[in-house]
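Examining the three-dimensional arrangement
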Amino acid sequence: MSFSPRHSPEAGVSLIEVLAALAIVALMGAIAVVMLDARRTALDVSAERLTRALAEARQEALLSGQVIGFSAAPDFRGWTFHEYRSGRWRVIAGHPALETVRLPDGLTLEARAGAIAARSEDASAEIPQIWFDPTGFDAPFTYVLADDEDARLVVRLDDGRVRLGADDGQALAEFDR
């Protein structure tokens, strides 16, 4: 005696029901991502962007053999990258990771340690505050990115690591570069 299962038209799950369930799961996932991203402040986003840009500048200097400079804007509201060509510093244009950045309202960026503050008499011949040497021998520095309530430090240590931390000295993230 052989036994074969009976199939009824109501048994199983239809393709439409599976697709509807997947759409609901995808929608819930998208909402969760948006909610998690909303907790990040403009200060945190800008600090991470600056840290990544500084790491990119160092890599660019090493790969291109060119000296790459960095300066906080004179009004403390952004930053600029420079390259040293033909005996003078020029603002880098056309490099998406090393573009000139204006910070969102309420944020400021200034050098705390290790950066030169000298500017030339000619404002068009601005000297970067720090630079990345193509040999990899870069001096340590500290920048403070702040808003009215909080601050983040972007620090380059003697061994080349770039550290992003709170102004109270607590490290938030470390990037080995």
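Note: the structure precedes this text.
Quick summary incoming for the structure in this document. (Residues numbered from 1 in each chain as written. Predicted model: local features only at pLDDT ≥ 70, side-chain atom pairs only at ≥ 80, totals over all residues. Heavy atoms only, no water.)

**Here we look at a nonpolar patch on the surface**
Together, V13, L15, V18, L19 and L22 give the surface a local cluster of nonpolar side chains, amounting to about 500 Å² of exposed area. Along the chain, the position of L22 falls in helix α1 (residues 15-38). (Patch = residues over 30% accessible without salt bridge, like charges linked within 9 Å, V, L, I, M, F, W, Y side chains within 5 Å. Areas by Shrake-Rupley, 256 points an atom, 1.4 Å probe, with all protein chains shown as cover. Salt bridge = Lys/Arg side-chain N within 4 Å of Asp/Glu carboxyl O. Helix = DSSP H or I, 4+ residues; strand = E, 2+ residues; numbered from the N terminus.)

**What about the nonpolar core?**
Counting 26 residues, the largest nonpolar core has L54, F70, W79, F81 and L109 as the members making the most contacts within it. Taken together, the elements giving at least two residues each to this core come down to α2 (42-64), β1 (68-72), β2 (78-85), β6 (130-132), β7 (141-146) and β9 (162-166). Per element, the largest residue contribution to this core is seven residues, and it comes from α2. (Core = buried A, V, L, I, M, F, W, Y, C linked by side-chain atoms within 4.5 Å. Buried < 20%, exposed > 50% of the residue type's maximum accessible area, 1.4 Å probe, protein only.)

**Some points on the pairing of β2**
Two faces make up the sheet, and in a regular strand the side chains alternate between them. Buried residues dominate β2, accounting for six of its eight residues. Direction of pairing for β1 relative to β2: antiparallel, over a ladder of five bridges. Bridge assignment links A72 to a residue of β2, and that residue is W79. Following β1, the chain reverses through five residues before pairing antiparallel with β2; F76 in that reversal takes a positive phi of roughly 65°. (Pairing = 2+ DSSP bridges.)

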